[in-house]
Amino acid sequence: MSEDKRLQNEIREISAERKFETVKGCKCGIRVLSGSASSMLYRLWSDVFTDETKRYNDFYFTRKAPKSLCYCLNEIGEKDPVSMMIRTPYSLRLRTEYSREKMKADYIVGVATRDDCRHRGYMDIMLRTALCDMAKEKIPFAFLIPADPVIYTPYGFSYFYFQMKWDKIRDDICSDSSYIEENMDEPTDEWKEFEKKNVRQEYSVYIKRNDRYYQDLFDECSADGGGIVIIRRVDDKDIVGCYSFISDNGKKQITGMTLIPDILEKNKIDAEGLSPFMMGRPADAETMLKMLRCKKKYDHRTVIKFRLSDDIIPQNNSCFECRVSEKKCSVKRISDKDIPKKERERYPMIDVSELACLFGMNGCVSDELQVKNADRLFAFDRCFINELT
């Protein structure tokens, strides 16, 4: 079964109307929409995200929203949705020196409520509902770009991806007359092969690349007033870099850049020069923990034990024992009552937000995750995610 067909089957299984319930005095209900039904959110999206152009909105509800799970909340007596949140499924690639893994992840976008219906707890109920749905579906990870990180911290989200300041790097490179820029009119095989090769070599966490991915990236940037730019050497015309950009109130904003290794190395920025960009959290913690890998010299000797606390997804509250090698991880749940009192100190309590440090952080998991043997874990610290929605 193709990935597209599988996704559509999953969407049909999930899409169902929820029971109405009362939230802060207002009776409301949540539905999950997909396919052409996602167009029901077009008006609310346009009214809330006023900076977006009609061209971009049309693109989004033609190409992206139908492939997503769109949560919409209606109040009793209201024909149109008053609140929304969208889950867009992606397939992440996790790379170590010894293994290549696939991991499902949902990108949360479009979290918004109509102006006159805010502060009624609608975002809270939708976010909790969606995260619990993800956990039931065994989705390992959820991520988002926060309008304000304070909003999402109580839901177990923490920063895992700190983005390089691409605009500055581009200016530094293109100030050298040895390089020229070239705007692409359409996706080319040369661009796709260059970008795919360098992302796979340089990063340990990235989105699956294929022809559809590149077409969507090109079309989405174009719909948002931007595009794709190739950087070439003047002398031999070889590609040394490329970047995607959008228009932010008429100003070019680079959303992602891929460079050949020697130029990337010259333009690396230390941790203080990185900008916090994406927040994430486990959905189904057990499934995510199976992605753990250890450094080669500790193979078959790494055991991680802890108790996990999660205020949002009840099924994640458990004691875990992870036996980690360089190529796999077996995860065992242990009931708290089955752990002898003298052994409990070997299972330190950690909050679910701490697990995001396994991806995209500064390369030293033990600094963030205060668990015995955390220093033996492989850090998926080279992260590159440049999706807009």
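Here is a short report on the structure shown in this document. Note that the structure is a prediction, hence the values are computed from the model and not measured.

Calculation criteria
- Residues numbered from 1 in each chain as written.
- Predicted model: local features only at pLDDT ≥ 70, side-chain atom pairs only at ≥ 80, totals over all residues.
- Heavy atoms only, no water.
- 1 Å grid on protein atoms, 1.4 Å probe; cavity = no way out; pocket = protein on both sides within 12 Å on 5 of 7 lines; lining within 4 Å.
- Points joined across faces, edges and corners; volume = space filled by probe spheres on them.
- Helix = DSSP H or I, 4+ residues; strand = E, 2+ residues; numbered from the N terminus.
- Nonpolar A, V, L, I, M, F, W, Y, C, P; charged D, E, K, R; others polar.
- Buried < 20%, exposed > 50% of the residue type's maximum accessible area, 1.4 Å probe, protein only.
- Pairing = 2+ DSSP bridges.
- Core = buried A, V, L, I, M, F, W, Y, C linked by side-chain atoms within 4.5 Å.
- Contact = heavy atoms within 4.5 Å.

Considering empty space enclosed by the protein
- On inspection of all chains with the given rule, the structure shows one cavity of 30 Å³ or more.
- Taken as a whole, the largest cavity encloses approximately 60 Å³ of empty space.
- Every residue lining the largest cavity is listed: Trp191, Glu195, Leu217, Ile228, Cys242, Tyr243, Ser244, Gly256, Met257, Thr258, Phe384 and Asn386.
- At the level of secondary structure, the elements contributing two or more residues to the lining of the largest cavity comprise helix H7 (189-202), strand S11 (239-248) and strand S12 (251-259).
- In the lining of the largest cavity, the residues fall into seven nonpolar, four polar and one charged.

What about the pairing of strand S3 (residues 69-75)?
- Most of S3 is tucked away: seven of the seven residues are buried.
- Every second residue of S3 is oriented toward a common face, with Leu69, Tyr71, Leu73 and Glu75 on one face and Cys70, Cys72 and Asn74 on the other, all of them buried.
- In terms of strand pairing, S3 meets strand S4 (residues 83-95) through five bridges, oriented antiparallel. In the strand pairing of S4, Leu73 is matched with Ser83.

Some words on the nonpolar core
- Judged by nonpolar contacts, the single largest core of 92 residues is most densely connected at Phe143, Phe160, Phe306, Cys322, Phe359 and Ile385.
- Beyond its immediate chain neighbours, meaning those up to four positions away, Cys322 contacts Leu289, Leu292, Thr302, Val303, Ile304, Phe306, Cys329, Ser330 and Val331.
- Core analysis: the second largest hydrophobic core is formed by 28 residues, Val32, Cys117, Tyr122 and Met134 among them.

The values reported here are purely geometric and, on their own, carry no functional implication.
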